[in-house]
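Residues per chain, in single letters:
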Amino acid sequence: ETAVFQTPNYHVTQVGNEVSFNCKQTLGHDTMYWYKQDSKKLLKIMFSYNNKQLIVNETVPRRFSPQSSDKAHLNLRIKSVEPEDSAVYLCASSFTSQNTLYFGAGTRLSVL
Amino acid sequence: GDQVEQSPSALSLHEGTDSALRCNFTTTMRSVQWFRQNSRGSLISLFYLASGTKENGRLKSAFDSKERRYSTLHIRDAQLEDSGTYFCAAEANTGANTGKLTFGHGTILRVHP
């Protein structure tokens, strides 16, 4: 049963455009994450938020900015996309104390 | 270097056989999780371990409680639906509990008749 919802599923855009991805969880979790999965399937954390507060901010380019309106939502904006941003972006959530991660289905970004 | 070393990178099994995947950590870890990613890209959590072992059906996972530097995932009586990419991910045993996971590179498992 899906409880972490991501939109869109796919997005194709051109270099230099701005994109936004949405994520919502209905599990009542207090922590949400964005991970990037590259073409070799390696997953790397980008950001995590706990109760709307940024707690992990890995070394990602400044054009990436997370946005959290409440603990159930964590969006990701990319200003001026680059070709290397092509990847699958996976949103996840967890209870901080337990840390079992529940992932969304992902958003596949293709930058032409 | 990589903190999480996963092996093997690929595995082919006959239906009904048993096998094991392993992750070694270059530093002590607080916890480990195992996931399976299906062909559509969905990542499903299989186990979360802070220590010891857990079992669920034909799957069993262990996390070395003493040194906290490796974990295993055992698959018993492999079935076709077990095919997919398996990832281990671990949280380093340092500082605050941030939930930040470092993933292994994955094991591509194919189960065939």
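Above this text sits the structure in question.
Nothing here was measured: the structure is a model prediction, and the numbers come from that model. (Residues numbered from 1 in each chain as written. Chains lettered and ligands numbered in written order. Predicted model: local features only at pLDDT ≥ 70, side-chain atom pairs only at ≥ 80, totals over all residues. Heavy atoms only, no water.)

Draft legend 1. Spatial organisation of the overall build of chain A. A tally of regular secondary structure across chain A gives zero helices and 11 strands. Start at the N end of chain A and walk to the C end: the helices and strands fall as β-β-β-β-β-β-β-β-β-β-β. Relative to a compact globule of 112 residues, whose C-alpha radius of gyration would be 13 Å, chain A shows 13 Å and is just as compact. In terms of overall dimensions, chain A has C-alpha extents of about 40 × 30 × 25 Å along its principal axes. (Helix = DSSP H or I, 4+ residues; strand = E, 2+ residues; numbered from the N terminus. Rg over C-alpha atoms; globule rule 2.2 N^0.38 Å.)

Draft legend 2. Quick peek at the sheet that holds strand E6 (residues 52-56) of chain B. Residue and element names in this part refer to chain B. A sheet is described by the order of its strands in space; here five strands give the open sequence E1-E3-E8-E7-E6, paired in antiparallel fashion. The open sheet terminates on both sides in strands that have one partner only, identified here as strand E1 (4-7) and E6. Here the strands of the sheet are splayed against their neighbours by 15 degrees on average, with no regard to which way each runs. Bridge analysis of strand E3 (residues 19-25) against strand E8 (residues 70-75) gives six bridges, and the strand direction is antiparallel. Pairing of Cys23 across the sheet is with Ser71, part of E8. (Pairing = 2+ DSSP bridges. Axes fitted to C-alpha atoms, helices over the stretch in contact; angles between N-to-C directions.)

Draft legend 3. Structural context of the packing of aromatic side chains. The tally for this structure, following the rule as stated, stands at 10 aromatic pairs over all chains. Among the aromatic residues, those joined into a cluster by ring pairs are Tyr33, Tyr35 and Phe103 of chain A together with Phe35, Phe87 and Phe103 of chain B. (Phe/Tyr/Trp six-rings, centres within 6.5 Å; stacked < 30°, edge-to-face > 60°.)

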